[in-house]
Amino acid sequence: MTTTLLLARHGQTAWHTENRYAGISDVALTDTGVAQAEALGHWAATHPVDAIWTSPLSRAIITATPAAQALNLTPHTEPALRECDFGVVEGRTLAEFEAENPEAAEAFRADPVAHPFPESEDPTAAAARGTAALRRIAAAHPDQRVLIVAHNTLFRLVLCRVLGIPLGEYRRVFPRLRNAAVSELRVQEGVFALLSLNVPCGDEG
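Residues numbered from 1 in each chain as written. Predicted model: local features only at pLDDT ≥ 70, side-chain atom pairs only at ≥ 80, totals over all residues. Heavy atoms only, no water.

Tallied over the full model, the rule gives five aromatic pairs. On the numbers, 5.3 Å between centres and 80° between planes, the contact of Phe-97 with Phe-117 is edge-to-face. You can see Phe-97 sitting in helix H4 (residues 94–100) and its partner Phe-117 sitting in the loop between helix H5 (102–110) and helix H6 (123–140), a full 20 residues away along the chain. What makes Phe-97 buried here is its relative accessible area of 1%. Among the residues examined, Phe-117 registers a relative accessible area of 3% and is labelled buried. Clustering of aromatic rings is evident, with ring pairs tying together Tyr-21, Phe-86, Phe-97, Phe-108 and Phe-117. (Phe/Tyr/Trp six-rings, centres within 6.5 Å; stacked < 30°, edge-to-face > 60°. Helix = DSSP H or I, 4+ residues; strand = E, 2+ residues; numbered from the N terminus. Buried < 20%, exposed > 50% of the residue type's maximum accessible area, 1.4 Å probe, protein only.)

Spelled out as structure tokens, the structure:
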């Protein structure tokens, strides 16, 4: 059994244009983010998938909507695909946090898993829930192609987990997933392989 998982980060939001951590906050897409969602929909029309799964946050659901309409599919929502909770840094930039707590910011930069933001979700737990969600989705769609729309940090943690990369390296190995770009994973007999990373569907914003 082989399943293809097509991971797409949601479109741009106002907070992300300012490098603010959105996390579990429900932040709306910008006009650019909406255009990126439309580009993902056009991509899906020519790279058909059999099912669509999304995070429960509106920025992911809205990003997935044009693809769902193009393919006449009803997206499934998976709570375990939500973004990480960034605790006290939700809605703030790393620079703002550093001005307030330089030692904690330095520790985060050195190892964001060993030293996550105060009051944030344990990144190891986030990686585990995200990986389990991908395994459930792959098992539910044998020999199919599945589009999964979710979030930057969650996807980076999961990619490290399934590819055998130390979790603390996620910010260095995967600096950023582009908005509405697609990364392709093959899942064969429970083993993950990365076939492509960060392939844009249209103009990057």
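Further notes follow.
When two helices pack together, their arrangement is captured by the angle between the axes and the distance separating the axes. Taken N-terminus to C-terminus, the directions of H6 and helix H7 (residues 152–163) make an angle of 75°; their axes are 8 Å apart at the nearest point. If you check the angle between H6 and H7, you find them roughly perpendicular. Across the interface between the two elements, Pro-123, Thr-124, Ala-126, Ala-127, Ala-128, Arg-129, Gly-130, Thr-131 and Leu-134 of H6 pack against Leu-154, Leu-157, Val-158, Arg-161 and Val-162 of H7. Residues that form the contact of H6 with H7 fall into these classes: nine nonpolar, three polar and two charged. (Axes fitted to C-alpha atoms, helices over the stretch in contact; angles between N-to-C directions. Parallel < 35°, antiparallel > 145°, perpendicular 65-115°, else oblique. Contact = heavy atoms within 4.5 Å. Nonpolar A, V, L, I, M, F, W, Y, C, P; charged D, E, K, R; others polar.)

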